[in-house]
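Okay, here's what each chain looks like letter by letter:
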Amino acid sequence: AKDPETTGEHVVSLYGHVEGMKRDVKHLHEDVTKIDTKTDQIIYWIIGGAFVTILTLVGLFNLFLH
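Values in this document were obtained by computation on a predicted structure and should not be read as measured data.

(A) Layout of a nonpolar patch on the surface. Residues Leu57, Leu60, Phe61, Leu63, Phe64 and Leu65 make up a contiguous nonpolar surface patch of roughly 720 Å² in combined accessible area. Mapped onto the fold, Leu57 is located in helix α1 (residues 7-65). Taking relative accessible area as the criterion, Leu57 reaches 42% and is therefore assigned partly exposed.

In structure tokens form, the structure reads like this:
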């Protein structure tokens, strides 16, 4: 890459770096949002499965106690 020689070239170079960082941060934010959504779905499935298992066990214990 060519090194900037004047103040104006430095400013343009810095502006390009800032815009590149903004794009990278936006991309990372979108990726984290996708991961959070998938994690939430997995947690809901685990909680639902645990709830159904507990209800089944309570029903079986109730059946055998009477």
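(B) Highlighting the pattern of salt bridges. This model, assessed by the stated rule, comprises one salt bridge. Salt-bridge contacts for Lys22 lead to Glu19; the nearest nitrogen and oxygen are separated by 3.5 Å. Highlighted residues: Lys22 and Glu19, both in helix α1, separated by three residues, approximately one helical turn.

(C) Region of the structure containing the environment of His66. Assignment of secondary structure puts His66 in the segment after α1. Here His66 falls in the exposed class, since its relative accessible area comes to 79%. Residues His66 and Tyr15 lie 51 residues apart in sequence; the distance between their C-alpha atoms is 77 Å.

What counts and what doesn't
- Residues numbered from 1 in each chain as written.
- Predicted model: local features only at pLDDT ≥ 70, side-chain atom pairs only at ≥ 80, totals over all residues.
- Heavy atoms only, no water.
- Patch = residues over 30% accessible without salt bridge, like charges linked within 9 Å, V, L, I, M, F, W, Y side chains within 5 Å.
- Areas by Shrake-Rupley, 256 points an atom, 1.4 Å probe, with all protein chains shown as cover.
- Salt bridge = Lys/Arg side-chain N within 4 Å of Asp/Glu carboxyl O.
- Helix = DSSP H or I, 4+ residues; strand = E, 2+ residues; numbered from the N terminus.
- Buried < 20%, exposed > 50% of the residue type's maximum accessible area, 1.4 Å probe, protein only.

None of the figures reported here should be taken as evidence of function without further support.
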